[in-house]
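Below are the chains, spelled out letter by letter.
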Amino acid sequence: MTARRLPLGGEIERARPLRFTFDGKVIEGFVGDTLASALLASGRQVLGRSFKYRRPRGLFGAGVEEPNICADVTEGAAFRPNQRVTTEPARDGLVLRSASTAPDAERDRTGFIDLFARFIPSGFYYKTFMFPDWHLFEPRIRAMAGLGRVDPAKTGPVGDQVNHFCDALVIGAGPVGLAAARMLAGAGKSVVLADDGSRPGGSLLYREAEIDGMPGADWLAETLAQLAGLGVTILPRTTAFGLYDHGLVALNQRHEDGRADTLWRVRPERIVLAAGAIERPLPFSMNDLPGIMSAQAGLSYLRRQAVLPGANIVVAANNSTGAGVARAMAEAGARVTLVDRRPDTAPLSGIACHAGRSIDRALGRKAVQGVVLDDGTEITCDCLLVSGGFTPTIHLYAQAKGRLAWDETRLAFLPGDPVPGLTVIGGAAGQFTLGEAFATLPAALGLEGAPTAAPSSYAITPAWPEPGRKGRIWIDYQHDVTAKDVELAARENFTSVEHLKRYTTLGMATDQGKTSNLNGLALMGALTGREIPEVGTTTYRPPFTPVPYTSLAGLRGGERMNPLRRLALEGRHRALGAAMGEYGGWLRPVHYGEDDAAILAEAKMARATVGLFDASPLGKIEVIGPDAADFLDFIYYNTVSTLKPGGCRYGFILAESGVVYDDGVLVRLDEHRFVVSCSSSHVAGVHAMLEEWRQDRFPARRIFIHNATAGTATITVTGPEARAAIRAAGIAADLDDAAFPHMTTRPGRHGDTPLRLTRVSFTGDRSYELSIRQDLAPGLWDALDGAARALGGGPIGIEAVMILRAEKGYIVIGKDSDGMTRPMDLGLAGPLRSKKAEFIGKRSLLQEEAQRPDRNQLVGLQPADGGGLLPVGAHGLDLSGAAPRSIGYVTSSYPGAGHDGPVALALIERGASRHGEVIELHHLGSRRRARITAPCAFDPKGDRLNG
Amino acid sequence: MQIFSCPFCGPRPEYEFHFGGDLGNHRPEGFDAVPDQKWADYLYFRNNPKGMAREVWMHLTCGEMFSMTRDTVTMEAAPGEALAEGQP
Ligand SMILES: [Zn+2]
């Protein structure tokens, strides 16, 4: 017999039984159980396997410090990998699978690895699997590594996020945190009290206390009632895991009913850290056997869930808290032996006591069966409760860059210099008795009204791991780091605490070494002749406990993270059977037919008759005001101020580095009003750029910038029948070429609705862009669609437009240009020579780099090997040297629509002067040959613009 | 998450702001007169101070640029100040 549930007592609700499964076995428990307490009560001891040696492991802790036992938890459709069983409430119907076991914790088939333990010390994998290639070994090693499994078919639920401001955030609702919250709230402060346990109370839930003359439980009930009256917000199951810039405390709240965690972002005026302390294990051989548990955890299971952790219990301690645990276990009916390292321990009635003794080794294979003391005494037991002292939970203080100070009498790192806005109290400040903690509260908080507790004392004697001890002494349970590993690190000169951590992985597991770090650095100190404070601690970084990504992400996922922009005409496109796809953040029609074959058919139709294209995402940023022309002269590579009202000009906007940032048509509606038509994917960037230069360079000038993109829909009508289609659609405008030539803009009407017609062409054919208030676009679309169909045309998707523009040699910035491309590389050298005014990027175009003759320049490519489409991304080769050298690459490649055969665009070294030359292309191991041509492969004279 | 203070809108979360560069990184004027080194300094060389940094930021939601003094070690950020013409 080992652990068992007592018939009476605890906070569990015995009238509400529940069942869940663990590795397929049914476990029974009650509401009020954690997964851990129900598993413990079931008598099962082996609940997991260690990370590296696959040793059987049982529970060590009862809270966030638990290093051993995690499980993958399935609840209906929800799946949570690698949950710490000590912090999760037991619920009916949960399905648990022990983490990192195969097939389960009891019968793990990799357990044989432990037999080879002495051959696989720290660094073994790095040192051994180097030859011939780590990658040969990696898959099998990786399969055994890691904790838990992720089921890609199941996603976590979406968590809530709460932003909150308050005067004071008290972290830890133990007696000291409760007292502090009451004092602060009593002084009129708004207070949030967060605690990672299932209910407030901390140690009062399982340790005896007398506060203000009352039993601890009564004081707790009274205080909670007072806090409720004072309006204190109490957050149970809530871990403050990180302190971030500008006083932001991030807390993760788990919920009893299993719904997704809530992330709290709290900005308090003041942080009060009352997070208590975590008990350390004792270092002796085989100290990782199941049945060996933190003494305070054992006490917590006994008092909170009425689980007596053993029938025959040894309590081993190096401090004065062991006696209380021993007494409690004996009162609950266990046979108890106390082994206290302190020689002056007072004897306890009914309890065998070995004063001044410590444990040399534990006995047993799959569970502890006995201990051997340092004097050779052998004691049989089925449970060993250990206390190696307490490590204050000062993570948030340390994250705030607080400096820790070593306290030799308490054997703990305590907060040193004060950190503004942060007060550390109670166990976290090393005040391990209530009397001492309460007494310091008034000074710490600057407030009256602290409770009092009966005086008691805390005493501890060192029990650090000693160098050269025989046997296997675990320092870090979760990462299977033993004293021998630390000794190896010291021998190989990884003596700095940060090196020790990374070489042995001590403290790097999901428990972040909460129970192990101090023993590890104490041993390193002993090995290198340094005191503990000289060794120091590793850097404290958030999160204090693992936080699910679903909690951090909250609602910010998928389309909520990056919303798709929708067209006003989306309904029309869908009704026409369009395949929709995302282009530059917009959901646009790819093509209208059944499959990809429609793309080329649409392009050919537009060349033959008329195509209708939804160009609404095209940028329409209006620049208005008497100084607008001056401003745009500075913005554009080209001269803008000479443009006549009603005229359009194609141009580039450069970055200050001289690289082409965007291209497009600038429209001058009237003397003081321009429209910047930037690329659809650059609207936000160009808008910000315009605004930035306006404020920086033209702050007191009369310029107004308005982004009208979203409010305006644009339909492009292109092809030989474009004009006929517009006429047939009943649009009132003077379409005579003399009155409305290419590269001009004119007003028009569709019925009562005013619209703007602009003659620019991205296809090389006669084209009109019709811009209209976006909510009125469907009517215009219907009229144009009917007219186009009557003429043998119809709508075309964006991929057809890509063909039409590519065979004309019209570029898409970012596709046919890269982060090196200057305007001269695209064949536009004129403005640099002739424009006298200053403009963005001008100085950079005069640099030697920009003027180099061997730059990559835009060209067309035609297959010269009889093959089909040239692959995009294929590199041109210079084969004249010893090794082939890249001379640029293919940027666009399409079947021609007007042109007979494939067309391609490329950026090729000195390309502009190499038309006619045949070059070799290399792509994914294969070779092609292509002839360099001018970028424009179709209608080079541009006759079709007016055709 | 940091909180910056826009001179026009008050304290707002950092994700509403866009970094605009070092304050006082003036554009050298006169493309035919600016030496290479001076232009390269303007384009590429940043102060990147340890400690007090004076910077330009844009508050994206109101669109205004302003100057802000910030400590890159403590992450303290003074309230932003409106930029006026003639100011560095
Ligand atoms: Zn603002």
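Below is a summary of the structure that appears in this document. Just so it is clear, the model here is predicted, and its values are computed rather than measured.

Procedures and definitions
- Residues numbered from 1 in each chain as written.
- Chains lettered and ligands numbered in written order.
- Predicted model: local features only at pLDDT ≥ 70, side-chain atom pairs only at ≥ 80, totals over all residues.
- Heavy atoms only, no water.
- Helix = DSSP H or I, 4+ residues; strand = E, 2+ residues; numbered from the N terminus.
- Buried < 20%, exposed > 50% of the residue type's maximum accessible area, 1.4 Å probe, protein only.
- Contact = heavy atoms within 4.5 Å.
- Areas by Shrake-Rupley, 256 points an atom, 1.4 Å probe, with all protein chains shown as cover.
- Lys, Arg positive; Asp, Glu negative; His and termini not counted.
- Charge placed at Lys NZ, Arg CZ, Asp CG, Glu CD.
- Core = buried A, V, L, I, M, F, W, Y, C linked by side-chain atoms within 4.5 Å.
- Domains from an automatic or database assignment.
- Pairing = 2+ DSSP bridges.
- Axes fitted to C-alpha atoms, helices over the stretch in contact; angles between N-to-C directions.
- Donors = N, O, S within 2.8 Å, 3.2 Å for Na, K, Ca; no water.
- Tetrahedral: all angles 85-135°; square planar, octahedral: opposite > 155°, others 65-115°.

### Focus on the overall build of chain B
In step 1: Scanning chain B from N- to C-terminus turns up one helix and six strands.
In step 2: Counted from the first residue to the last, chain B has its helices and strands arranged as β-β-β-α-β-β-β.
In step 3: Looking at chain B as a whole, 36% of its 88 residues qualify as buried.
In step 4: Within chain B, contacts between residues at least 6 apart in sequence are counted, and of these 42% link residues at least 24 apart.
In step 5: When the accessible area of chain B is evaluated, it comes to approximately 5200 Å², of which 54% is carbon and sulfur surface.
In step 6: Counting 7 positive and 13 negative side-chain charges, chain B places the centres of these two groups 3 Å from one another.

### Thoughts on the nonpolar core
Residues and elements named next belong to chain A.
In step 1: Within the largest apolar cluster, 78 residues are counted, with the highest numbers of intra-cluster contacts made by Phe-20, Leu-59, Val-85, Leu-96, Ile-313, Leu-385 and Leu-441.
In step 2: When residues of this core are assigned to their parent elements, the largest contribution, eight residues, is made by helix H4 (residues 175-186).
In step 3: Both domain 1 (161-278 + 392-445) and domain 2 (279-390) contribute no fewer than three residues apiece to this core.
In step 4: Non-local contacts of Leu-441, meaning those with residues more than four positions away in its chain, are made with Val-176, Ala-179, Ala-180, Met-183, Ile-425, Gly-446 and Ala-450.

### Let's talk about the sheet that holds strand E4 (residues 52-59) of chain B
In step 1: With antiparallel pairing, the four strands of this open sheet are ordered in space as E3-E4-E5-E6 (chain B). Every interior strand has two partners, whereas the edge strands, strand E3 (17-22) and strand E6 (81-82) of chain B, have only one.
In step 2: Judged from the eight bridges that link them, E4(B) and strand E5 (residues 64-71) of chain B form a sheet pairing that is antiparallel. Across the sheet, the residue bridging to B:His59 is B:Glu64, located in E5(B).
In step 3: Running at roughly 120° to E4(B), helix H19 (residues 683-697) of chain A makes contact with E3, E4 and E5 of chain B of the sheet.

### Let's talk about the pairing of strand E1 (residues 3-6) of chain B
Residues and elements named next belong to chain B.
In step 1: Every second residue of E1 is oriented toward a common face, the buried set being Phe-4 and Cys-6 and the non-buried set Ile-3 and Ser-5.
In step 2: As judged from the four bridges shared by E1 and strand E2 (residues 10-13), these two strands associate in the antiparallel manner. Across the sheet, Phe-4 pairs through a bridge with Arg-12, a residue of E2.
In step 3: The antiparallel hairpin formed by E1 and E2 contains three residues in its connecting segment.

### A look at the coordination of the zinc ion
Working reference: metal with six octahedral donors, ideal angles 90 or 180 degrees; metal with four tetrahedral donors, ideal angle 109.5 degrees.
Residues and elements named next belong to chain B.
In step 1: Taken together, Cys-6 (SG), Cys-9 (SG), His-59 (ND1) and Cys-62 (SG) make up the protein donors of the zinc ion, found 2.0 to 2.3 Å from the metal.
In step 2: Each of the four donor atoms around the zinc ion contributes to a set of angles spanning 107 to 114°, which defines the coordination as tetrahedral.
In step 3: Sequence spacing of the donors to the zinc ion: C-x2-C-x49-H-x2-C. Placement of the pair is Cys-9 in the loop between E1 and E2 and Cys-62 in the loop between E4 and E5, with a sequence separation of 53 residues.
In step 4: Judged by relative accessible area, which is 38%, Cys-9 ranks as partly exposed.

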